[in-house]
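Breakdown of the fold
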Amino acid sequence: MICENRCRCGYTGKIAGILLVVSLLMMGGLMTVHASDAKTITSKADLNSEDIRIGVGEGGFAEQTVEHEFPKAQRLYMSHIDGLQAVAQGKIDAFVFERNQLEYAIATGRTGVRLLDENMEEENHIAVGISPVSKIDHLEDKLNAFIDELKADGTLDEMHKRWVIKKDESFPDYSLPEHPEYHLTVGTTGIVPLFNYYKDNQLSGYDIELAYRFARWLNADLEFKVYDFKGIVPAAVSGDVDCIMAELNVTPERKESIPFSQDLFVEKVGIMVRDESAAAAGDGSFLDSIKESFDKNFIREERWRMFLDGILTTLLITVLSIVFGTLLGFAVFMLCRNGNPVANAITGVLNWLIRGMPLVVLLMILYYIIFGGMDISGVTVSVFAFTLTFGGAVYGLLKIGVGAVEAGQYEAAYALGYSRGRTFFRIILPQALPHVIEAYQGEVVTLVKATAIVGYIAVQDLTKAGDIVRGRTYEAFFPLIAITIIYFVLEGMLGFLVSRIRIRISSRLGRKEKILKGVRLHDPD
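Residues numbered from 1 in each chain as written. Predicted model: local features only at pLDDT ≥ 70, side-chain atom pairs only at ≥ 80, totals over all residues. Heavy atoms only, no water.

Regarding a nonpolar patch on the surface
Together, Val342, Ile346, Val349, Leu350, Trp352 and Leu353 line one region of the surface with nonpolar side chains, adding up to about 630 Å² of accessible area. Mapped onto the secondary structure, Val342 falls in helix H13 (residues 341-356). We classify Val342 as exposed; its relative accessible area is 53%. (Patch = residues over 30% accessible without salt bridge, like charges linked within 9 Å, V, L, I, M, F, W, Y side chains within 5 Å. Areas by Shrake-Rupley, 256 points an atom, 1.4 Å probe, with all protein chains shown as cover. Salt bridge = Lys/Arg side-chain N within 4 Å of Asp/Glu carboxyl O. Helix = DSSP H or I, 4+ residues; strand = E, 2+ residues; numbered from the N terminus. Buried < 20%, exposed > 50% of the residue type's maximum accessible area, 1.4 Å probe, protein only.)

What to know about unusual backbone geometry
A positive phi is found at His138, a non-glycine position, where the angle reads about 50°. By secondary structure assignment, the location of His138 is in the loop between strand E5 (124-130) and helix H5 (139-152).

Observations concerning the pattern of salt bridges
By the definition in use, this model includes 14 salt bridges. When the shortest N-O distance is used, the salt bridge between Glu69 and Lys44 registers 2.8 Å. Pair noted here: Glu69 is in helix H2 (residues 61-69) and Lys44 is in the loop between helix H1 (2-31) and strand E1 (53-56), with a separation of 25 residues, a long-range link. Residue classification places Glu69 among the buried residues on the basis of a relative accessible area of 12%. Residue Lys44 is classed as buried on the basis of its relative accessible area, which comes to 13%. Residue Arg162 is joined to Glu209 by a salt bridge in which the shortest nitrogen-to-oxygen separation is 2.8 Å.

Brief notes about the sheet that holds strand E7 (residues 191-192)
Here 3 strands make up an open sheet; going across it, the order is E7-E8-E9 and the pairing antiparallel. The sheet is open, and its two edges are formed by E7 and strand E9 (202-204), each paired on a single side. With 3 bridges connecting them, strand E8 (residues 196-199) and E9 associate as antiparallel partners. Residue pairing in the sheet places Tyr197 in a bridge with Ser204 of E9. (Pairing = 2+ DSSP bridges.)

What about the nonpolar core?
Counting residues in hydrophobic clusters, the biggest one holds 122 residues, and the most contacted among them are Leu143, Leu184, Leu210, Ile244, Met245 and Tyr440. With 12 residues, the single largest contributor to this core is helix H17 (residues 420-450). The next biggest cluster of nonpolar side chains, apart from the first, holds 17 residues, and it includes Ile41, Val56, Ala62 and Val66. (Core = buried A, V, L, I, M, F, W, Y, C linked by side-chain atoms within 4.5 Å.)

So, the pairing of strand E6 (residues 182-188)
For E6, the tally of buried residues reaches 5 of 7 residues, placing the bulk of the element in the interior. Of the strand pairs in this sheet, E6 and strand E10 (residues 220-226) are connected by 7 bridges, and their pairing is parallel. Within E10, the position partnered with His183 by the bridge is Asp221. Where E6 and strand E11 (residues 243-249) come together, 2 bridges link them in parallel fashion. Looking across to E11, one finds that Gly187 is bridged to Ile244.

These results come straight from atomic positions and should not be treated as a statement about function.
Written out as structure tokens, the structure is:
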């Protein structure tokens, strides 16, 4: 009865948590509070001040040009999705990014912001990043020859005008070779509209068309891998992709890591600031804006399918990691429980390394370094990484649980004629599990949340799906609410399942007839 009540209380707590989060987010949407210290910017001359905050992308061209033109200003690093939101809310004073992207954001409904007429002095050079260890021989020469042909016949200019100038989002129908000579793997991000983004749940844009054209020119089949922007250059360095087509700007630091093709085009770098008049006016009721936002983020182009696919991927990684991690932790504990000094020393060092390392670092080391030269999917590497961390947690929990059982239990079992193995499985383990099962349930919940980082290694999980939708709609409200609620539901479902298993195991292992099976209780005489 106690266990049943605990389960109901935990389940009710999850529901209360979901309602609380939704309420807080709805209040945030209703209030739309802006930072009171946001500055009114009318020209570039207003930006070179110590109290000005300018958003820039990490490691990109904008960071360098802002440092050069506005050395006194504070630089804050963020993605273009978060940058646009931060400007509209007055959290930063300006956001510097490719002008065509900023224009597209405004054209597709990003409100509360405006573009300065002035651009940054330096222009941004866009090219294809090339893996230095690609399996395609002389890939750089082949890419440059391909680009030369596109420039000579005017195709490259036509593509730029169609996608970037006219913003024509219709994707041409391209077929790949039936008998390919190569396998071309292209890294992209999927969150940069007009260049590489999801339209009708399919990758589209300038970069995607370029990849199809190059694959056909090269006589290759084509595979895309979608990364978080921070992980895309390391993917090329490790050879996980042959090249990067992701509106990648050329910087001196990036050129030290990977070679680049000749320029595809050169684009202007714009400056977005907050539009005070639009922010103050506000048009339409809150309910109307909620309805429109819901349609935009979930219904339009059936974007709910991306969330569904993300849920399935998250569940797959989580469930497999729980199963394999539990088996791994139990197996390691059984090897070490009798005091084998070698097994204990190795396990102690490995557990210290794995449990003490940030999960995102472990994930990237496994994907880009240890398995860098192997054709292993991001999902497989994710399961491997989380299996190691969850196995370490299970090993630690078993040590705690078994250590909590009094030594006299062993002596009593041996007096009854039990062997060491039967003593452990029939006497010790049933008493140890109740000590740690709730902590195990907590580790399951922690694992669900930890999977949110797998987007760094080209896995389209639930969080990555939300980022892709945000990159398309330039809105944070509904995607983040959806992700939050779904994670609460997943945690509640898995936690409830573990609690059911806990009750069943405890009741079965604790039965007198189960414990004393095979033991003679009375002398036959």
